[in-house]
Amino acid sequence: MRIAIVVPYDLAEEGGVKSHAFHLAAAMRRAGDQVEVIGPLSRGSAPPHVRGFGGVVNIRANGADNHMSLLASPWAVGRYVRERAFDVIHLHEPMVPPLSYYALWASTGAACVATFHMYAEKEPAPSPRRPGRAGPGDLPLLHAGIAVSRAAADYAAVVWRRPLHVIPNGVPTDLFTPGTNGSPPKPGAPLRLLFVGNWRDTRKGLPILLDAYRRLLASGLAVSLDVIGEGSPGPDMSSLPGTTFHGAVAVEKLADHYRHCDIFVSPATGQESFGIVLLEAMASGRAVVCSDIRGYRDVANPEGFRLVPAGMRGHWLRRWRRWPAIRRGGKRWGPQTGHGHLPTTGRALADRVRSVYREAVAERSLGRATAAACSPRATVQPRSAGVKPPG
């Protein structure tokens, strides 16, 4: 199939939606499909099989920076989509403007699939998802829908009332591996902690982590902290003993950081629908301590995670005092740790998504036949609403 995967966020920035889209595209190419990724591109040159559009503007929403092509030309996007004559157009975050809108409107002849990633504990006041506000999720141009978690499916229900397939994110398990060194840490060796994410967004919880880290240092515990993510830390952060801010790193280097840490930490305060970094840590066989939030609970296995109340520094400090025991126990968890439905391999992810593509193509064909038999504005009646279980 000829497939376009549309990402609404800047391809030059780090992010879970982008990582998932590129992982999916690579897996589908290995299976023989022709796949192009379309998205905003604020800097650099587009790699092969990628079409970047400029006009990138940052909008703060859902507790994070969102770099989107708000000033991109709709004619340029439409012309590109029409010229490629895609069989399937796959929109990630279809409610996020404007590239998803432009690609959808230019999608004559293509089956259109939406994947919903977003989740928030509370609906933002200016949200376009509120009842009465129009958006692509309300249009019959979308033929099938996916959510990356049950949390994301519940959040999408405001604008998507048809069935949703729950297909969790995947990570390349040939890259994120536990490694071959299974020897226990040497006595007295520092406890090695790892944080990965856009730490400039406060909802990722790095200030909570640093506060607990300072107190651990004051208690005399031998500990180190590696922080992976774009941004330049201030003197109060970079001067902490044993702390290293690496900035953004290549995915191969990221996998190496996972393999060499003792505990992966994610103190996010909320608004996470899934947490792809948790999958990366699991696939790397690392111990995980993370916030007890809805999106993370969809991933976590009680035997493989330590869950801590979100945003409560006192709870994190009490939990931290037990972490050396976690390492001494030598407990490690691999990609099988999470709920059994997690498709952490590229092949499994591609197969499940391709089945949705086939459904969308069939729905598209049925819509054409109905329109021809009835009227130019005829649409397919949705089947019974609900969330399709994984599998």
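Just so it is clear, the model here is predicted, and its values are computed rather than measured. (Residues numbered from 1 in each chain as written. Predicted model: local features only at pLDDT ≥ 70, side-chain atom pairs only at ≥ 80, totals over all residues. Heavy atoms only, no water.)

Participant: How do you make sense of the sheet that holds strand E14 (residues 287-291) when you look at a structure like this?
Facilitator: Pairing between the strands of a sheet comes from backbone hydrogen bonds, and it takes one of two forms, parallel or antiparallel. Within the open sheet, the six strands sit side by side as E12-E11-E10-E13-E14-E15. Their pairing is parallel. Of all strands in the sheet, those bounded by a partner on one side alone are strand E12 (243-247) and strand E15 (305-308). Put simply, the sheet's adjacent strands are angled 20 degrees from each other on average, direction ignored. For strand E10 (residues 191-196) and strand E11 (residues 223-228), the ladder comprises six bridges, and the chain directions are parallel. Paired with Phe195 across the strands is Val227, a residue of E11. (Pairing = 2+ DSSP bridges. Helix = DSSP H or I, 4+ residues; strand = E, 2+ residues; numbered from the N terminus. Axes fitted to C-alpha atoms, helices over the stretch in contact; angles between N-to-C directions.)

Participant: I tried to follow a nonpolar patch on the surface on my own but got confused; where do I start?
Facilitator: A cluster of nonpolar side chains, namely Ile59, Leu70 and Leu71, defines an oily patch on the protein surface of about 260 Å² accessible area. Within the secondary structure, Leu70 sits in the loop between strand E5 (64-68) and helix H2 (74-84). (Patch = residues over 30% accessible without salt bridge, like charges linked within 9 Å, V, L, I, M, F, W, Y side chains within 5 Å. Areas by Shrake-Rupley, 256 points an atom, 1.4 Å probe, with all protein chains shown as cover. Salt bridge = Lys/Arg side-chain N within 4 Å of Asp/Glu carboxyl O.)

Participant: Teacher, can you tell me more about the pairing of strand E1 (residues 2-6) here?
Facilitator: For a regular strand, side-chain orientation follows a simple rule: the groups alternate between the two sheet faces. For E1, the buried fraction is high: four of the five residues fall into the buried class. Relative to strand E2 (residues 34-40), E1 runs parallel, the two sharing five bridges. Each bridged residue has a counterpart across the sheet, and for Ala4 the counterpart in E2 is Glu36. As a crossover connection, the stretch from E1 through helix H1 (residues 16-30) into E2 is right-handed. Looking at chain direction, E1 and strand E6 (residues 88-92) are connected through four bridges and run parallel. In the strand pairing of E6, Ile3 is matched with Val88. (Buried < 20%, exposed > 50% of the residue type's maximum accessible area, 1.4 Å probe, protein only. Right-handed = clockwise from strand over helix to strand, strands pointing away.)

Participant: What should I look at first to understand the nonpolar core in this one?
Facilitator: One broad rule of soluble globular proteins: the nonpolar side chains tend to lie buried together. With 59 residues, the main nonpolar core has Phe53, Ile89, Val196, Tyr258, Phe264 and Leu278 as its most contacted residues. Considering every element that reaches this core, the biggest residue donor is helix H8 (residues 276-283), with seven residues. The residues touching Phe53, leaving out its near neighbours within four places in the chain, are Ile38, Gly39, Pro40, Leu41, Ser69, Ala72, Ala76, Val77, Tyr80 and Leu99. (Core = buried A, V, L, I, M, F, W, Y, C linked by side-chain atoms within 4.5 Å. Contact = heavy atoms within 4.5 Å.)

Participant: I keep staring at H2 and nothing clicks. Help me out?
Facilitator: Since the α-helix advances by 3.6 residues per turn, residues separated by three or four positions end up pointing in the same direction. Residues Ala76, Val77, Gly78, Tyr80 and Val81 constitute the buried set of H2. On its buried face, H2 is in contact with E2, strand E3 (50-53), E6 and helix H3 (99-105). Of the residues flanking the end of H2, it is Ala85, one or two places downstream, whose phi is positive at about 50 degrees.

Participant: Please explain the pattern of salt bridges as it appears in this structure.
Facilitator: In this structure the tally under the stated criterion is 17 salt bridges. The salt bridge partner of Arg200 is Glu13, with a shortest N-O separation of 3.8 Å. Taken as a pair, Arg200 in the loop between E10 and helix H5 (206-218) and Glu13 in the loop between E1 and H1 lie far apart in primary sequence, 187 residues in all. Judged by relative accessible area, Arg200 falls into the partly exposed class, the value being 37%. Its relative accessible area of 13% is what places Glu13 among the buried residues. Across the pair Arg203 and Glu272 runs a salt bridge, and its minimum N-O distance is 3.1 Å. Here Arg203 is found in the loop between E10 and H5, whereas its partner Glu272 is found in the loop between strand E13 (263-266) and H8, with 69 residues between them in sequence. Overall, the relative accessible area of 12% leaves Arg203 in the buried class.

Participant: I'm lost on the environment of Ala248 in this one. Help?
Facilitator: Within the secondary structure, Ala248 sits in the loop between E12 and helix H7 (251-260). Owing to a relative accessible area of 47%, Ala248 belongs among the partly exposed residues under this scheme. C-alpha of Ala248 to C-alpha of Val227: the two residues are 21 residues apart in sequence and 9.4 Å apart in space. Apart from the residues lying within four places of it in its own chain, the contact partners of Ala248 are Glu14, Gly229 and Glu230.

Participant: Where do I start with the packing of aromatic side chains in this structure?
Facilitator: Aromatic ring pairs are described here by two measures, namely the spacing of the ring centres and the angle between the planes. Per the stated rule, a full pass over the model turns up eight aromatic pairs. Taking 5.5 Å as the distance between ring centres and 45 degrees as the angle between the ring planes, the aromatic pair formed by Tyr258 and Phe264 counts as tilted. Neither residue differs from the other here; Tyr258 and Phe264 are each classed as buried. Ring pairs connect the aromatic residues Tyr101, Tyr102 and Trp105, which therefore count as one cluster. Arg51 extends its terminal NZ or CZ atom over the ring of Phe53, reaching a point 4.1 Å from the ring centre. (Phe/Tyr/Trp six-rings, centres within 6.5 Å; stacked < 30°, edge-to-face > 60°. Lys NZ or Arg CZ within 6 Å of the ring centre and 35° of its normal.)

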